[in-house]
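Structural characterization, general
Residues per chain are reported as follows:
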Amino acid sequence: MAGIKDFLKDILRPSYRSMLAAMHAGDECRCNLCGKRFAAMRPRKGRHADGSSFIIKDGAGTCWKCNSYPRVRALWHWLVNDFKIQEKVDFELLHIAPEQQLADKFLKMPGIHYTAVDKFCPGYKYANYVSHADVTDLHFHDSMFDMIVCNHVLEHVKNDSKAMSELLRVLKPNGTAVLMVPINMEAERTDEEKPDEELSGEERERRFGQPDHVRMYGRDYFERLENVGFHVEHIAFPADLVKELELNPTEEVILAVKSN
Ligand SMILES: [Zn+2]
């Protein structure tokens, strides 16, 4: 029964999304992934530990058509306009927990050799181009990738410094890892589950914002990246672009660069 349900969902989803996009068309904002324009983006939903949902009130939503998150629109803007990813040749790109909207773009770029991996959590469906990998124990040689995109992953990983070291190891010298995570900029230090602790979903949600997060990073996130050997860069966006692409004004693109 679930199989038939999923099958119908897959068939009907594109026309449902086109209908939503048409209903919310307007001139206030634009999705740079699918090109559609809207009066406002779709309010984002989060899920409580008890399974109920709620609206996230940070003023930035997902695209009605392609479901892009504000952080994906921000990153795509930087990748195309500043990093010029479309001009790269023989470019080895590792995408961890791949956002579909970005994967669709990368897969069409002839100069990119694209590798997509995920930890394969039960209950989730993965595209056929995604293979299994554990970010704390990557099955890749040293210095393989020119770029790694690994967004909103480290807050789920218990041993995040091991993951950071692995990301650094598989990156080429001068390579860049895009490592965006939720950060509480008002907190100096990260609040996290201790190595031997297993908090309840409710407690994790209360302290870290989501039942499946094991920490809420503070401003020391950047120091943690530097401690394993990365050089950190922050990309912020001007107010007119934040409005045009309906970005989260407090969310920067975080780049972790491997020095020579
Ligand atoms: Zn879109």
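From a predicted model like this one, the values you see are computed outputs, not experimental measurements. (Residues numbered from 1 in each chain as written. Predicted model: local features only at pLDDT ≥ 70, side-chain atom pairs only at ≥ 80, totals over all residues.)

1. A closer look at the nonpolar core
In this structure, I148, C150, L167, A177, V178 and L179 are the most contacted members of the largest nonpolar core, which totals 58 residues. The residue makeup of this core includes at least three contributed by each of domain 1 (2–55) and domain 2 (70–258). Non-local contacts of L179, meaning those with residues more than four positions away in its chain, are made with C150, L154, L225, I254 and A256. (Core = buried A, V, L, I, M, F, W, Y, C linked by C-beta atoms within 7 Å. Buried ≥ 20, exposed ≤ 12 C-beta atoms within 10 Å, placed from the backbone. Domains from an automatic or database assignment. Contact = placed C-beta atoms within 7 Å.)

2. Topic: the domain arrangement of the chain
Domain parsing of the chain yields domain 1 (2–55) and domain 2 (70–258). Here the C-alpha centroids of domain 1 and domain 2 sit 23 Å apart. With nine residues of domain 1 at the interface, the matching set in domain 2 holds 13 residues. Considering only residue class, the side of domain 1 that touches domain 2 consists of five nonpolar, three polar and one charged. (Nonpolar A, V, L, I, M, F, W, Y, C, P; charged D, E, K, R; others polar.)

3. Concerning the pairing of strand β1 (residues 25–30)
Two elements, β1 and strand β2 (residues 37–38), share three bridges in a ladder whose sense is antiparallel. Bridge pairing in β2 places A25 opposite F38. Here β1 folds back onto β2 in antiparallel fashion, the turn holding six residues, of which G35 has a positive phi close to 85 degrees. (Pairing = 2+ DSSP bridges. Helix = DSSP H or I, 4+ residues; strand = E, 2+ residues; numbered from the N terminus.)

4. A closer look at the sheet that holds strand β6 (residues 112–118)
Taken in spatial order, the seven strands of this open sheet run β7-β6-β5-β8-β9-β13-β12, and their pairing is mixed. Only two strands of the sheet have a single neighbouring strand rather than two, namely β7 (130–132) and β12 (230–235). Each neighbouring strand pair of the sheet contributes to a mean axis angle of 25 degrees, computed without reference to strand direction. One ladder, built from three bridges, connects β6 with β7; its direction is parallel. Of the residues in β7, the one forming a bridge with V117 is S131. (Axes fitted to C-alpha atoms, helices over the stretch in contact; angles between N-to-C directions.)

5. Some points on the pairing of strand β5 (residues 91–96)
Buried residues dominate β5, accounting for five of its six residues. With six bridges connecting them, β5 and β6 associate as parallel partners. Bridging from a neighbouring strand, H95 pairs with A116 of β6. This β-α-β element, β5 to helix α3 (residues 100–107) to β6, shows right-handed connectivity. With three bridges connecting them, β5 and strand β8 (residues 145–149) associate as parallel partners. From the neighbouring strand, H95 faces β8, where its bridge partner is V149. (Right-handed = clockwise from strand over helix to strand, strands pointing away.)

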